[in-house]
Number of protein chains: 2
Amino acid sequence: MGTRELGLPMRVASSEPEVLPDAVTIWEVGPRDGLQNEKEVVPAGVKIEFLHRLAAAGLPVVETTSFVRPEWVPQLADAGEVLDGLRKADGVRYPVLVPNARGLDRALDSGVTDIAVFAAATESFTRRNLNRGLDEQFVMFDPVVRRAVTEGMRVRGYISMAFGDPWEGAVGVDQVVSVGRRLLEMGCDQLSIGDTIGVATPGHVETLLRTFVAAGVPVERLAVHFHDTYGQALANTYAALRVGVSTVDASAGGLGGCPYAKSATGNLATEDLVWMLEGLGIEHGVDLDALVETSTWMAGHLGRPSPSRVVKALSAS
Amino acid sequence: MGTRELGLPMRVASSEPEVLPDAVTIWEVGPRDGLQNEKEVVPAGVKIEFLHRLAAAGLPVVETTSFVRPEWVPQLADAGEVLDGLRKADGVRYPVLVPNARGLDRALDSGVTDIAVFAAATESFTRRNLNRGLDEQFVMFDPVVRRAVTEGMRVRGYISMAFGDPWEGAVGVDQVVSVGRRLLEMGCDQLSIGDTIGVATPGHVETLLRTFVAAGVPVERLAVHFHDTYGQALANTYAALRVGVSTVDASAGGLGGCPYAKSATGNLATEDLVWMLEGLGIEHGVDLDALVETSTWMAGHLGRPSPSRVVKALSAS
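Residues numbered from 1 in each chain as written. Chains lettered and ligands numbered in written order. Predicted model: local features only at pLDDT ≥ 70, side-chain atom pairs only at ≥ 80, totals over all residues. Heavy atoms only, no water.

As annotated in an unreviewed UniProt entry, chain A is Hydroxymethylglutaryl-CoA lyase from Saccharopolyspora taberi.

This is the structure we're talking about:
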């Protein structure tokens, strides 16, 4: 039970003025991050309908799939088929995760205009996930990001394990900021700061975000990505909003889980986030009823109920 | 699906300085609020062991049972037997819910030194729950509270439906503060402000708490009681801590549900709260491992897993 000491114990960092954003862009990760750990392969046709439904529910960004090697993530081996079948809605962005030059080629061939690269804040995780060291990951990503930018793409840089790491424990904020700055320097236009194993708490979140801002990174370029393994995802999101973060990752119905944490609980549920944003008077553009219907429909395909509290409550009523 | 409009949409209320407390008193409500809606009656012996385990895990206040009429809450019909069998731990408080003069007599006979009365912020709910109007509830509680204080008891006043009400929708903050002031005037030493149906969001929480403080109620006399029906309980707790609230109600393992909300999700789980407090560096005195063991043991008795994310994650590891 020692995993609970992986986050950094931190009180609120400062008495800086707090600026809740007027509007939040929800970056929907269900089709990619949510589905990628599902053992049973979901048919491409279901994935395509999922994407259509999410866009129709008002989500402005729907991370669509990944061009990672099929043997690593069999669930997303149909990336090309999904992209071919997708009818893109006006004004909606459909980013795709791209691990390397080969993935970028495939993304360009498929007409993708938004990509994301999946970096990490710790040596242990880059060794395990990318088979190279913390510094070497930049050597891998640099030509991909630079070429994507030259091709007119928007590139997001994920920073996974940004709070705690299953092998190293708590992760220092300066190390995370250093990784983030290198991603921005190579051309990423946004960083998604990920609590991959769900150990963060709100003071740690606020401290890390303020350290980014103090290092000269505009808050507009920061997104947050929380997992609900220990129930902290929405409280952490609230802490991030109060620093001024206005892009929040979430997964419809709370789909997904981290393969490195032993619990099955996964991403922050988009519905629970929407509930909080509505209550805070923050614009989000999502039709909650349509989203709940979509998550309930997907739960039917997966054969188990959504872990989202809002989905449970609203689909019971 | 209209219940989501029951809370008040509110941004953060003010730029008041924020004061996280150094320590929080967790008011454990599992044995009373958590169990009271369980249909299958839990044997008194199991309840007594539950109380012993909770105190041994370091919880400083364990709400023990209720002297409500047995036909209303059959689960707690064994209140006398539970109190007779309880070995009180040094320094632990064991409050009991008392609805009326008859309940107070029984509490006094049982050696109880802490009681709570269950008031509400709305006319609709007092009519349904107490069979009298909003103002009439004070007529009922007044002699009970005054006599209890005379007998040297400490009295907590619950204010249920303090954010939203299933029949009335959003509840105005001034109405809640008015109810709270009347409870304090009759002798309650603490108010527990309850989001009985789980619809509150953090801006509403902060606004209500700051309205209490602006009305002259010291923040030390305010406790918060959140339900996780829509996943907001911990984010709301964080908002309350930032106003300086230092007593937080929670239920071991997330036991409990609101009979007036159609969803089964219940109280804020004590374990999820403890995780956040540890991360924030706020003292709480609870042994999380012992608590998780206790909740897992109780889940075995109830025949279903705990909904607490922390219990799930730690008992899987």
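K.L.:
Looking at this structure, I do not really get the overall build of chain A. What am I missing?
P.N.:
Looking only at helices and strands, chain A has 12 helices and 11 strands in total. For chain A, whose C-alpha radius of gyration is 18 Å, the value lies close to the compact-globule estimate of 20 Å for 317 residues. Reported as C-alpha extents along the three principal axes, the dimensions of chain A are approximately 45 × 45 × 40 Å. For chain A, buried positions account for 62% of its 317 residues. Sequence-distant contacts in chain A: of pairs separated by 6 or more residues, those separated by 24 or more amount to 76%. A total accessible area of about 11,100 Å² is found for chain A, and carbon and sulfur atoms account for 49% of it. Counting 28 positive and 40 negative side-chain charges, chain A places the averaged centre of each group 5 Å from the other. (Helix = DSSP H or I, 4+ residues; strand = E, 2+ residues; numbered from the N terminus. Rg over C-alpha atoms; globule rule 2.2 N^0.38 Å. Buried < 20%, exposed > 50% of the residue type's maximum accessible area, 1.4 Å probe, protein only. Contact = heavy atoms within 4.5 Å. Areas by Shrake-Rupley, 256 points an atom, 1.4 Å probe, with all protein chains shown as cover. Lys, Arg positive; Asp, Glu negative; His and termini not counted. Charge placed at Lys NZ, Arg CZ, Asp CG, Glu CD.)

K.L.:
Explain the pairing of strand β9 (residues 190–195) of chain B to me, please; I cannot follow it from the model alone.
P.N.:
Every regular strand shows the same layout, with side chains that alternate between the two sheet faces. All names here are of chain B. Burial runs high along β9: 6 of the 6 residues are buried. The two faces of β9 match: Q190, S192 and G194 on one face and L191, I193 and D195 on the other face are all buried. Inspection of the sheet shows strand β6 (residues 154–160) paired to β9 by 4 bridges, in the parallel sense. The partner of I159 across the bridge, within β9, is I193. Note: β9 against strand β10 (residues 222–226), 5 bridges, orientation parallel. From the neighbouring strand, D195 faces β10, where its bridge partner is F226. With helix α8 (residues 202–214) bridging β9 and the parallel β10, this β-α-β connection has right-handed handedness. (Pairing = 2+ DSSP bridges. Right-handed = clockwise from strand over helix to strand, strands pointing away.)

K.L.:
I'm lost on the sheet that holds strand β9 (residues 190–195) of chain A in this one. Help?
P.N.:
Pairing between the strands of a sheet comes from backbone hydrogen bonds, and it takes one of two forms, parallel or antiparallel. Residue and element names in this part refer to chain A. If you walk across this open sheet you meet the 9 strands as β2-β1-β11-β10-β9-β6-β5-β4-β3, and the pairing is parallel. Bordering the open sheet on either side are β2 (61–62) and β3 (65–66), each of which pairs with just one other strand. Pairing of β3 with strand β4 (residues 96–97) involves 2 bridges; the strand directions are parallel. Along β4, the bridge assignment pairs T65 with V96. This element, helix α7 (residues 173–186), spans β5 (114–120), β6 (154–160) and β9 of the sheet and lies at about 165° to β6. (Axes fitted to C-alpha atoms, helices over the stretch in contact; angles between N-to-C directions.)

K.L.:
Just to check I follow, could you spell out helix α7 (residues 173–186) of chain B for this structure?
P.N.:
Residues spaced three or four apart along an α-helix face the same direction, because each turn holds 3.6 residues. Over its 14 residues, α7 of chain B runs 20 Å from end to end, which matches the ideal 20 Å to within 8%, given 1.5 Å per residue. Where the residues of α7 of chain B are buried, they touch β5 (114–120), α6 (136–150), β6, β9 and α8 of chain B. (Expected span 1.5 Å × (residues − 1).)

K.L.:
Help me out: how do you make sense of the sheet that holds β5 of chain B in this one?
P.N.:
Residue and element names in this part refer to chain B. Strand order across the open sheet formed by 9 strands is β2-β1-β11-β10-β9-β6-β5-β4-β3, with parallel pairing between neighbours. In the strand order of this sheet, the two ends are held by β2 (61–62) and β3 (65–66), each with one partner. Sheet topology note: the strand β1 (residues 25–28)/strand β11 (residues 247–250) ladder contains 4 bridges and is parallel. Within β11, the residue paired with W27 across the bridge is D249. Running at roughly 120° to β5, helix α5 (residues 123–130) makes contact with β5 and β6 of the sheet.

K.L.:
Can you help me understand unusual backbone geometry in this one?
P.N.:
The phi torsion of most residues other than glycine is negative, and most of the peptide bonds are trans. Although it is not a glycine, N131 of chain A sits at a positive phi angle of roughly 60°. Structurally, N131 of chain A can be placed in the loop between α5 (123–130) and α6 (136–150).

K.L.:
Before we go on, may I ask you to explain the pairing of strand β10 (residues 222–226) of chain A in this structure?
P.N.:
Residue and element names in this part refer to chain A. Of all the 5 residues making up β10, 5 are buried; the element is thus mostly covered by neighbouring parts of the structure. Burial of β10 is two-sided: the residues L222, V224 and F226 facing one way and the residues A223 and H225 facing the other way are all buried. As paired strands, β10 and strand β11 (residues 247–250) are joined by 2 bridges and run parallel to one another. Within β11, the position partnered with V224 by the bridge is V248. A crossover connection joins β10 to the parallel β11 through helix α9 (residues 233–243); in handedness this β-α-β unit is right-handed.

K.L.:
Is there a simple way to think about the nonpolar core in this case?
P.N.:
When a protein is soluble and globular, its nonpolar side chains tend to lie buried together. Among the nonpolar cores identified, the biggest contains 206 residues, and I115, L183 and F212 of chain A together with I115, L183 and F212 of chain B are the most heavily contacted of them. Leave out the neighbours within four places in its chain, and F212 of chain A touches I159, V176, V177, G180, L191, I193, V217 and L222 of chain A. (Core = buried A, V, L, I, M, F, W, Y, C linked by side-chain atoms within 4.5 Å.)

K.L.:
How should I be thinking about the packing of aromatic side chains in this particular structure?
P.N.:
One pair of aromatic rings is described through two measures. These are the centre distance and the angle between the planes. Applying the stated rule across the entire model yields 11 aromatic pairs over all chains. Ring geometry for F50 of chain B versus W297 of chain B: centroids 6.4 Å apart, planes at 40°, classification tilted. You can see F50 of chain B sitting in helix α2 (residues 44–56) and its partner W297 of chain B sitting in helix α11 (residues 288–302), a full 247 residues away along the chain. The class for F50 of chain B is buried, based on a relative accessible area of 0%. The buried category is assigned to W297 of chain B, whose relative accessible area is 17%. The ring of W297 of chain A is capped by R53 of chain A, whose NZ or CZ atom sits 4.4 Å from the centre of that ring. (Phe/Tyr/Trp six-rings, centres within 6.5 Å; stacked < 30°, edge-to-face > 60°. Lys NZ or Arg CZ within 6 Å of the ring centre and 35° of its normal.)

K.L.:
Please explain the pattern of salt bridges as it appears in this structure.
P.N.:
When the charged atoms of two side chains with opposite charge come close together, those side chains can pair. Residue and element names in this part refer to chain A. Taken as a whole and assessed by the stated rule, the structure comprises 34 salt bridges over all chains. Measuring nitrogen to oxygen at the nearest pair gives 3.0 Å for the salt bridge that ties R53 to E49. Residue R53 and its partner E49 are both found in helix α2 (residues 44–56); the two are separated by 4 residues, about one turn of the helix. Using a relative accessible area of 25% as the deciding quantity, one classes R53 as partly exposed. (Salt bridge = Lys/Arg side-chain N within 4 Å of Asp/Glu carboxyl O.)

K.L.:
Explain the confidence of the model for chain A to me, please; I cannot follow it from the model alone.
P.N.:
Detailed reading of predicted coordinates is not advised where the pLDDT is low. Per-residue pLDDT for chain A has a mean of 92; in total, 91% of the residues score no lower than 70. Note on residues 1–5 of chain A: pLDDT under 50 across the span, and 13 contacts to partners over four residues away in sequence or across chains. (pLDDT = per-residue confidence, 0-100.)

K.L.:
What exactly am I supposed to notice about the environment of G111 of chain B here?
P.N.:
All names here are of chain B. By secondary structure assignment, the location of G111 is in the loop between α4 (101–109) and β5. Take G111: its relative accessible area is 40%, and that puts it in the partly exposed class. Once the C-alpha coordinates of G111 and D84 are considered, the two residues, 27 residues apart in sequence, prove to be 9.2 Å apart.

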